[in-house]
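# Fold and geometry: a report
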Protein chains: 4
Amino acid sequence: MPAAPAVPRRYSYLGPAGTFTEAALKQVPEAAGQEWSPVDNLGEALNDVVTGASDAAMIAIENSIDGGVTVAQDALATVPGLRIVGEYLVPVNFVLVARPGTRLEDVRVVAGHPVAYGQCRAWLDAHTSRHRHLVATSNVAAAVDLFDEAKGLDAAIAPPGIEEHYDVEVLASGIAENPDAVTRFVLVSRTVPVGEPSGADKTSLIAELPEDRSGALLELLEQFATRGVNLTLLASRPIGDRMGRYRFVIDAEGHVKDERVADALLGVKRFSPRVVFLGSYPRADRVAATIRDAQDDDAFRDARDWLRGVIEGTADGAA
Amino acid sequence: MPAAPAVPRRYSYLGPAGTFTEAALKQVPEAAGQEWSPVDNLGEALNDVVTGASDAAMIAIENSIDGGVTVAQDALATVPGLRIVGEYLVPVNFVLVARPGTRLEDVRVVAGHPVAYGQCRAWLDAHTSRHRHLVATSNVAAAVDLFDEAKGLDAAIAPPGIEEHYDVEVLASGIAENPDAVTRFVLVSRTVPVGEPSGADKTSLIAELPEDRSGALLELLEQFATRGVNLTLLASRPIGDRMGRYRFVIDAEGHVKDERVADALLGVKRFSPRVVFLGSYPRADRVAATIRDAQDDDAFRDARDWLRGVIEGTADGAA
Amino acid sequence: MPAAPAVPRRYSYLGPAGTFTEAALKQVPEAAGQEWSPVDNLGEALNDVVTGASDAAMIAIENSIDGGVTVAQDALATVPGLRIVGEYLVPVNFVLVARPGTRLEDVRVVAGHPVAYGQCRAWLDAHTSRHRHLVATSNVAAAVDLFDEAKGLDAAIAPPGIEEHYDVEVLASGIAENPDAVTRFVLVSRTVPVGEPSGADKTSLIAELPEDRSGALLELLEQFATRGVNLTLLASRPIGDRMGRYRFVIDAEGHVKDERVADALLGVKRFSPRVVFLGSYPRADRVAATIRDAQDDDAFRDARDWLRGVIEGTADGAA
Amino acid sequence: MPAAPAVPRRYSYLGPAGTFTEAALKQVPEAAGQEWSPVDNLGEALNDVVTGASDAAMIAIENSIDGGVTVAQDALATVPGLRIVGEYLVPVNFVLVARPGTRLEDVRVVAGHPVAYGQCRAWLDAHTSRHRHLVATSNVAAAVDLFDEAKGLDAAIAPPGIEEHYDVEVLASGIAENPDAVTRFVLVSRTVPVGEPSGADKTSLIAELPEDRSGALLELLEQFATRGVNLTLLASRPIGDRMGRYRFVIDAEGHVKDERVADALLGVKRFSPRVVFLGSYPRADRVAATIRDAQDDDAFRDARDWLRGVIEGTADGAA
């Protein structure tokens, strides 16, 4: 008797097809051949995960030019039940597209997602006579809007390859200011047990500072430094209750199942009035953390063995 | 012989009249009765200052809900020749307005600046049946767009008082989620000599970290901590050359003419491969910094006197 | 049938009867009625413990005027198998004694232990005409030597009460410079299981610094600071292999069975190439450590529970 | 007309001729051919300097085996008007000497300075049948005492070369436990202007900690660390008023005329309720301090220039 067909896994992502978010999702081997669900914005994507409508959502979390995607950072800080399970990097490059037949010198109104527009503005200033910018909700939506006459668009900023999905012509390529721009995406699932370390991992968390202490941020950072844990990201976000109160979004090298990272997290937990653990997952760049001998798992195990012997009096105090 | 009439000073701000930025500018006594020049965006405002078209520009720098205005932070980090000379706080509240005769239950399409929309979305979700959001370039522009039929708008999110400038009706007041939300503005001029301390000042700077050192952020923060200088803001922004490289936007308590702040800045300057001093100016909240005895100006003067005597041998080494 | 008489416990101390060390031993309730064995020096006392000849030894470890008893610190750093089990404070005061009939104005040669002499020298300079000092091996031996004619002594510096043990007359009392001087003693046994916390405890250890790191002492101290553990003593002693290499003698507030102290010790153990745990024992001054909420045992337990839930995915990441 | 003969400079040292202190004084080029005045103890030596009886005194400050010479550290902390002007290292080795004709197997009573005896005790235990130790006031005095019949001595611990000064025979050489032992001496003068940096200097100071702050020692050490100044010595000494209060004896790499050292001292001065500057002088080992670019004199000068320009508004804030 044949096995019942498996229920496909469902992945939400900022659509439509052709977005950089889709490009990130294409990097996930387990997602191949599963159900991909394009959504309109981050809220929908995370909602799909929280409600169980999707198994996971791919969301942009940081851009090498624009910095943290603050709405995503804030959502991860406040929506309960989420866990980051993977990280992906997508090179960000843009083309300028138009309806077939349009000439660059005729371009007056350009649609573009604000982030994309920011990166292409210098090029547009240099290569078009005084253009106007209309905001689009995604990089692909900008191209789609070309065919909405009511919008009066001449051209759109879009990801490379857009011409394979839509009937547009590429007026210019590589129009973003920084050719090495990259966006970092994370794959988010519901809370699940943490996976095993891959040897090149990252741990994400969000921590608030105690209010009553000057130098509190320094103290927070020392929780990592004294355990030899490097940080790859430290971003502040307003807690929102009043000006001057911040939570910190932190990416640390290593995995929560690495002893030094676990110990740092215990320290942070004791120190911070509110911590959100977001996950430990393989780094997109596959760079292994540099660990000093004194901070590897053996050192932690040896220290615990020593302390036990010392307390029980079975071992000498010297070591 | 009568004196020649003085040339009025010119202030650029994100217009049109009625914006929160205008409300900030109204807090500047010296700006009263001078020329106010509304502009479309931050770039124009700063450009007016750099070119000398305006004497100063009022720009939003942080919101208690949304965090730093990253485009403003990045501009201050990279545009040379600017100086922050004042800080102002404007409570941020929103009303929902429409053309006269519109009923709340008929609202389908709502215009709003994205930041404003984010703060009012919960209210809109609760009080309108499934609305759609159209992006506006400013909070006042959203209201103005009500009268552009091509846009097909039903209502707009706008600042309180908008009805005094435009022919709109207020459908609802206080629709923002957080009634205590506030936006922080800074007044920016060309580089000028730093003013005198007011007794309750803030010093803004931007610093990059040396690349070759782990724990570099901790070291940067210690430059302030060892001099007893508290920070009111620490935000990271990508330098932009590659993922993982950040500059830090810092607001420190005190004035560069306070010895402890000057000393901290000297330490930062020696440590950091690139520092931008943005200015020392009176704090909007008029809160004086708490200074320990060991860190007041007298302590710095005494220490210098002591060291001079010690080196010259005119004073005993003990003190 | 009557129980076999218990074998009495044996305590070694720097004798003879009447020394400050004996006064310290009198403070130990369990030592009352047991066998007290006076010895000539620290080496003998510790040797008695190591060989099992005695159950414990009382040794001077620090004086409020002269500082650490370095020979004791060095012995604890190098002799294996020892454990500090108690701490005692003895006020240190001195009398000047002589053979009956001697007058103060006739005193020319004064015997005294070097430490005692140092504390009484100012008084002797003021109250005798040009005296000479002869070194004695203990404060009581100085008095005993008065009756050894070959030594040619006129007077001796001795502890108060000496006249009850020997046929001497007190020429003057309270001759030490500092009337509040106190000596700190520790009771040392063989390595035994650590006792239970009393609520006001001290933990002693000795740690060497890694050689290859500048700022290593700072890093060592941060192991305590980040866990909120205060130090009551930090003394450096040469390791002895070459100039400039030190080990550090540390007394920390709290008990190794307090979580924050155990955690600090684990950190020290991982960091230091050589650590000697000397014991956790009730403080002589009965001052309880000040502990911040974030560092009490509950905080450690809560943090561990949180981390377990986070890793297993049974608990939400937020806390 | 011939010049008046110069008044010779006078140097006090722990005598008599043949002591290690004299060996240290022989390393001082300026002392050659001047008047050398042997004294009995440290107090006399420093008193000679304070009163002007001598121009300088050579005193032992640290031994690689026994640690700091605490009486010297305490004297420098409390006697006003002194300045360290040089540092010298003397290898410490011992010979066992006796009156001519004495055989090693007949040695019963051995004279020795306590520090010397401590270093030779293991050898004596191994090579003599049960000897007794008599305390001598200096290493040379022990040898001299051999000829005082009243003392009943058989042998003496003395510095190599003693046989050139006294009629003694060497029974054994190299009897100290550690063949690399070395004693560090400092040359002390009255307070004089600090000399010029030699490129390999040391700066000595003594600092007390503020009472009202936990983590105060950490804060003191950070004054050096944030300026990139390494410490070669950190020793604690009781202030003496009550148990648990310490001052810290510090040797830092570099010269007070090096900007980073001056800046660290200014920080220490502001922080500490009592600082004693003891001097900047060439290191005995001629090892130059390692200085990071950010901490050299140029970096300090550049930072000051930058800050001045920033305040005056003549320079742009960016650098």
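All figures in this text were calculated on a predicted structure; none of them were measured in a lab. (Residues numbered from 1 in each chain as written. Chains lettered and ligands numbered in written order. Predicted model: local features only at pLDDT ≥ 70, side-chain atom pairs only at ≥ 80, totals over all residues.)

## Quick notes on the overall build of chain A
For chain A, the count of helices and strands is 8 helices and 15 strands. Dimensions of chain A, computed from the C-alpha atoms along their principal axes, are close to 85 × 65 × 35 Å. Scored against the burial criterion, the 319 residues of chain A give a buried share of 53%. Counting only contacts in chain A whose residues sit at least 6 apart along the sequence, the fraction spanning at least 24 positions is 74%. (Helix = DSSP H or I, 4+ residues; strand = E, 2+ residues; numbered from the N terminus. Buried ≥ 20, exposed ≤ 12 C-beta atoms within 10 Å, placed from the backbone. Contact = placed C-beta atoms within 7 Å.)

## A few points about the pairing of strand β11 (residues 182–190) of chain D
It is a general feature of regular strands that their side chains alternate between the two faces of the sheet. As judged from the 7 bridges shared by strand β3 (residues 56–63) of chain D and β11 of chain D, these two strands associate in the antiparallel manner. Bridge assignment links M58 of chain D to a residue of β11 of chain D, and that residue is L187 of chain D. (Pairing = 2+ DSSP bridges.)

## Some words on the relation of the copies chain A and chain B
Of the transformation superimposing chain A on chain B, the axial component is 0.0 Å and the angular component is 180°, with the fit at an RMSD of 0.1 Å. The transformation just described matches what one would write down for a two-fold rotation axis. Of the residues that chain A buries at the interface, 100% are likewise interface residues in chain B, meaning the two copies contact each other through the same surface. (Least-squares fit on C-alpha atoms with pLDDT ≥ 70 in both.)

## With respect to the relation of the copies chain A and chain C
Once chain A has been moved 0.0 Å along the axis and rotated by 180°, it coincides with chain C to within an RMSD of 0.1 Å. Comparing contact sets, 100% of the residues at the interface of chain A also lie at the interface in chain C, consistent with an isologous, same-surface contact.

## Some thoughts on the sheet that holds strand β10 (residues 169–173) of chain D
All names here are of chain D. Spatially, 5 strands are ordered β8-β7-β9-β6-β10 in an open sheet, and the strand pairing comes out mixed. Two strands close off the open sheet at either side, each with one partner strand: β8 (132–135) and β10. Strand-to-strand twist across the sheet, computed as the mean angle between neighbouring axes with direction ignored, equals 30°. Bridge count for strand β7 (residues 109–112) against β8 is 4 bridges, and the pairing is parallel. Its bridge partner lying in β8, G112 is registered against V135. Its contacts with the sheet put helix α4 (residues 114–127) on β7, β8, β9 (155–158) and β10, and the angle it makes with β7 is roughly 150°. (Axes fitted to C-alpha atoms, helices over the stretch in contact; angles between N-to-C directions.)

## A word on the domain arrangement of chain A
Residue and element names in this part refer to chain A. Its domain assignment divides chain A into domain 1 (1–91 + 182–192), domain 2 (95–173) and domain 3 (193–319). For domain 1 versus domain 3, the separation of C-alpha centres amounts to 26 Å. Contacts between domain 1 and domain 3 engage 15 residues on the former and 16 residues on the latter. Elements with a minimum of two residues in the side of domain 1 that touches domain 3: α3 (70–78) and β5 (82–91). When residues of the side of domain 1 that touches domain 3 are assigned to their parent elements, the largest contribution, 7 residues, is made by β5. (Domains from an automatic or database assignment.)

## Digging into the arrangement of the chains
Chain B shows no contact with chain C. Their nearest C-alpha atoms sit 12 Å apart. Structurally, chain A and chain D remain out of contact, their C-alpha atoms never closer than 12 Å.

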